[in-house]
Every structure is written in structure tokens, then in C-alpha cells.
Amino acid sequence: MLATVARALCVLEHLDGLEAFRLPYPPVVQLALDRSAVAFLLNDARPPASLAELVQRCAHIPLEDWPLRLPADAAGPDDLLIDPVSWRPTQLCHEWGEWEAHAQDPAVPHRDRQVIHGALERCQAYGEESAYAEFRRLLVQRPVLTAAEHFALHRDFALEPVWDLIDLIYPEVPRAMSRNGQYAVCGRCGTLLTPVSGGEWWCERDRCRRLGDPPVGHWIDAEQAGVVHQLERPLRRNVTGPGLAEVDLERELTALGLTVTMWPGFDAYDLLVVFPDGHRWAIDVKDWAHPGFLGRAARPVPPRPPYDEAFWVVPAYRVRERPDYRQTFERSRPASARGLLLVTDEELVNAARKRLRDIGTTTCEETDHA
């Protein structure tokens, strides 16, 4: 039932204003309303009297307080399906919705995977691994483009294999995202901030909101910029978000003196890290709100390019906010991924520092002995 409600909320997000509450509802929205009514009645609770009331409950009642018989790891403390400030689906809601959609038709891949696969095919056909790496870096570091910046990408021949794809995944931004003729770009993650009541701005990234009010990195004048483009939501959530953690790791590990290759082997995994003694780490970065869904998606890191150790890495704030994150992941992962190590980004950097110290100590001891 919760998955159906989440999927319905994601559908409602794309409807304008009162159109979302006009009969007849989209089929999945009506199904969500029906299923939630039955679920509440079966648990001796008053069902939502309308779609508007259901949305209100999603914004103000944490999932763990719903009168439902949920598995212990179905939701974390204070998890909501709707953000009460912006009235938009939370990242957790989108994850629930995607799993529901995939359950309805397993043959249809998630949108972000379709796009990434398309980019891989184009770059492989050109034999340009560097083009794919530049494309990924574009999605991570430049999720917002003015009309001039968007046009300039078509003069960047390093991106030639994916020119047509860029046009598809960077739609125009509605003026409703601006205030007083100005768009605000988040100073932390680079996505557009959403204007909310009281003259405030809201960032869609979980990580940004937990760090406090989002700083405005820069302003875009709507008249001067003309059309403003932003990377579509599934890619911002599943590529830009984890990608920010990936480039943060790249910067921190490179600062330690390690050799780091991003998205090696046409994105076999996210980072290949080589130590001075030749030891190699393969790293895949994941930034998922629900550890159970992450566990179900777990799979061994591809064997090529070759490595000595492999890790899945999540931002440390996910584990701090949900202490059972690692345990839920481990319970949910398939048998084929039982050996997969899940660590936080902070733990990984500390482990790299320790290994470098150990290498230095060993080298000094061997030199003294000789």
C-alpha cells in the first residue's frame, strides 16, 4: 500500500495546482486512495476522507506512526513521503515509487539507467571512454544550464557522442521555479532551489537540507538567461546526488596522494583507486534513503578493471540518521552479494589513510632491516 501511495504522489507531482485533485484521478492515484482506505480500516483506523487528506497525512505523519502493521525496517524515524515545506515527494517517496513501478513491469528499467545505458552505447560506438567520463561529470557538476551554456555544449566535441542525449535530459525549467525574476542555484549541490512561502528557498537534496538552510551559490536572471535548463529529476536524484559524493571522494583520495580514475571501464564501477604499492580498490557510491531497497539492489562489483578489494560506499549521514542502516542492508541483500562490504565515505577515507600509514611503516622497517 505504501509503495502504491508513493507512486501516486510521484504522479501528482507532475500535475499543476488543482488539476491534481480534479476527478477522475489518474488510475494509480485512485488505486492509492482505495488501498489506503482498506488498509486503515483493516487496522481499525479512520481512513483518509479525500485525496487532499491523504496528502496531508503523508506530509505530517511519519510512516512509523501510521496505523499499519509494517516490518521493523520498513521506515526510519521521522520518515515522511511528502516534504512539509515544499509539498514535494521526498527522496524516500521516489524510491518507494520506483520500486512499485518496477514491480508492475520488471522489464522496464528505471529512467536513469536507460539514459546511462544510452550514453554508454554512444561512447562505446565512438570508442571514447573519456567522452563518457566527461558526460558523467557534466551531470554531476552542472545540473543547471542557461540557454547559452546549453548551446555551448554543442561546440564541445568531447561530448559529440551524446549531444542528442543532452537535449533530451535537460528540459526547460518553468518560471514557477523563479522568484522576482531570479532563479536560485544551490551553493552546495548545484541544483535549482524551489521558492517556498516566507521568501525562503528549499533544496531537494536530503544532504543539503540536513546541513541547514541552503545557501544560494549564484543567481540566474530569467530575462537575461532566456531559457533555463535543468537535468531531469530521476537523473538529479540517482546520478547527480551520488555523483557529488563520488567527486568528493575523488578529491579527498587524490589529496592523500592516491591515483584515482573515475568511472573506469565505461562505468564498470565509480572509482578505481591505486595505492603506491599497486594495491587497487574498486568503489561504487550509493546515496539511497531506504537501506532495504539498497540491499535488494546489491550485486558484486564487476571484476574488470581488476582490483584487489571492492566496496559499496554510502554517505555517512545516512548511517547517522538511521542506525540500523547497515543491518537492514545486510538483511535485504541477495545471497550473491553476501560478500559485498558496505562502508561510509568517512570510513573509506580513514581506511585509506591507515593503509598508507601501514605501507609507509612497512617500507621503513624493511629499509632499516636491510
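All values reported here derive from a predicted model rather than from experimental measurement.

Talk me through empty space enclosed by the protein; I want residue IDs and the actual numbers.
All told, the structure shown has 2 cavities of 30 Å³ or more when counted by the stated rule. There is about 50 Å³ of room inside the largest cavity. Along the walls of the largest cavity sit Gln 91, Glu 204, Arg 205, Arg 233, Arg 236 and Arg 237, which together make up its complete lining. In terms of residue count, the dominant contributor to the lining of the largest cavity is helix 11 (residues 233-255) (3 residues). Approximately 40 Å³ is the volume attributed to the second largest cavity. Val 5, Ala 8, Leu 9, Leu 12, Val 29, Ala 32, Leu 51, Leu 54 and Val 55 are the residues that line the second largest cavity. At the level of secondary structure, the elements contributing two or more residues to the lining of the second largest cavity comprise helix 1 (2-13), helix 2 (27-42) and helix 3 (51-60).

For the packing of helix 1 against helix 3, give the residues involved together with the corresponding values.
How two helices pack is summed up by the angle between their axes together with the distance between the axes. Between helix 1 and helix 3, whose axes approach to 12 Å, the crossing angle comes to 105°. Comparing their axes, helix 3 and helix 1 come out roughly perpendicular. Mapping the contact onto sequence places Val 5, Leu 9 and Leu 12 in helix 1 and Leu 51, Val 55 and Cys 58 in helix 3. Taken together, the residues that form the contact of helix 1 with helix 3 break down as 6 nonpolar, no polar and no charged.

With reference to specific residues and values, describe the environment of Glu 95.
Secondary-structure assignment places Glu 95 in helix 4 (residues 91-104). On the accessibility criterion, Glu 95 (6% relative accessible area) is buried. Once you skip the residues sitting within four places of it in the chain, Glu 95 turns out to touch Asp 287, Trp 288, Ala 289, His 290 and Phe 293.

For the side chain of Asp 270, give the residues involved together with the corresponding values.
Assignment of secondary structure puts Asp 270 in the loop between helix 12 (264-267) and strand 8 (271-274). There is no salt bridge for the buried Asp 270, and the closest opposite charge comes from Arg 136, which lies 4.2 Å off by N-O distance. Among the polar contacts listed, one links the side chain of Asp 270 to the backbone nitrogen of Val 285, at a separation of 2.7 Å. Excluding residues within four positions of it along the chain, Asp 270 makes contact with Arg 136, Glu 246, Thr 261, Met 262, Trp 263, Pro 264, Ile 283, Asp 284 and Val 285.

So what's going on with the packing of helix 2 against helix 3? Which residues, and what values?
The contact between helix 2 and helix 3 brings their axes to 11 Å, and the two run at 70°. By the angle class used here, helix 2 and helix 3 are roughly perpendicular. Across the interface between the two elements, Val 29, Ala 32, Leu 33, Ser 36 and Phe 40 of helix 2 pack against Leu 51, Leu 54 and Arg 57 of helix 3. Its residues placed into classes, the contact of helix 2 with helix 3 shows 6 nonpolar, 1 polar and 1 charged.

Lay out the pattern of salt bridges with the relevant residues and their values.
In the structure shown here, the tally under the stated rule is 26 salt bridges. For the salt bridge of Arg 233 with Glu 13, the shortest nitrogen-to-oxygen distance reads 3.2 Å. Highlighted residues: Arg 233 in helix 11 and Glu 13 in helix 1, separated in sequence by 220 residues. For the salt bridge of Arg 210 with Glu 321, the shortest nitrogen-to-oxygen distance reads 2.2 Å. Within this pair, whereas Arg 210 is found in helix 9 (residues 206-210), its partner Glu 321 is found in helix 14 (residues 316-321), the two being separated by 111 residues in sequence. Since its relative accessible area comes to 36%, Glu 321 is described here as partly exposed. In this structure, a network of salt bridges that share partners links the residues Asp 83, Arg 205, Asp 206, Arg 209, Asp 287 and Arg 318.

Outline the confidence of the model for the protein, listing residues and values.
The pLDDT averaged across the protein works out to 88; a share of 93% of its residues lies at or above 70. No element of the protein has a lower mean pLDDT than helix 16 (residues 345-369), at 76, and none a higher one than strand 8, at 97. Below pLDDT 50 for its whole length, residues 362-370 participates in 0 contacts with residues either more than four positions away or in separate chains.

Now, about the packing of aromatic side chains: what can you tell me, with residues and values included?
All told, the structure shown has 8 aromatic pairs when counted by the stated rule. For the ring pair Tyr 269 and Tyr 307, a centre distance of 5.8 Å and an interplane angle of 90° mean the geometry is edge-to-face. Of the two residues, Tyr 269 sits in the loop between helix 12 and strand 8 while Tyr 307 sits in the loop between helix 13 (291-296) and strand 10 (309-314), which places them 38 residues apart along the sequence. We classify Tyr 269 as buried; its relative accessible area is 0%. For Tyr 307, a relative accessible area of 24% gives the class partly exposed. On the basis of an interplanar angle of 70° and a centroid distance of 5.0 Å, the ring pair of Trp 281 and Phe 311 is categorised as edge-to-face. One end of the pair, Trp 281, is in strand 9 (residues 280-285); the other, Phe 311, is in strand 10, and 30 residues separate them in sequence. Of the two residues, Trp 281 and Phe 311, neither departs from the other in class, the shared state being buried. By the ring-pair criterion, three or more aromatic residues cluster together here, those being Phe 275, Trp 281 and Phe 311.

So, how was this worked out
Residues numbered from 1 in each chain as written. Predicted model: local features only at pLDDT ≥ 70, side-chain atom pairs only at ≥ 80, totals over all residues. Heavy atoms only, no water. 1 Å grid on protein atoms, 1.4 Å probe; cavity = no way out; pocket = protein on both sides within 12 Å on 5 of 7 lines; lining within 4 Å. Points joined across faces, edges and corners; volume = space filled by probe spheres on them. Helix = DSSP H or I, 4+ residues; strand = E, 2+ residues; numbered from the N terminus. Axes fitted to C-alpha atoms, helices over the stretch in contact; angles between N-to-C directions. Parallel < 35°, antiparallel > 145°, perpendicular 65-115°, else oblique. Contact = heavy atoms within 4.5 Å. Nonpolar A, V, L, I, M, F, W, Y, C, P; charged D, E, K, R; others polar. Buried < 20%, exposed > 50% of the residue type's maximum accessible area, 1.4 Å probe, protein only. Lys, Arg positive; Asp, Glu negative; His and termini not counted. Salt bridge = Lys/Arg side-chain N within 4 Å of Asp/Glu carboxyl O. Polar contact = N/O pair within 3.5 Å; in protein donor to acceptor, adjacent residues only side chain to side chain. pLDDT = per-residue confidence, 0-100. Phe/Tyr/Trp six-rings, centres within 6.5 Å; stacked < 30°, edge-to-face > 60°.

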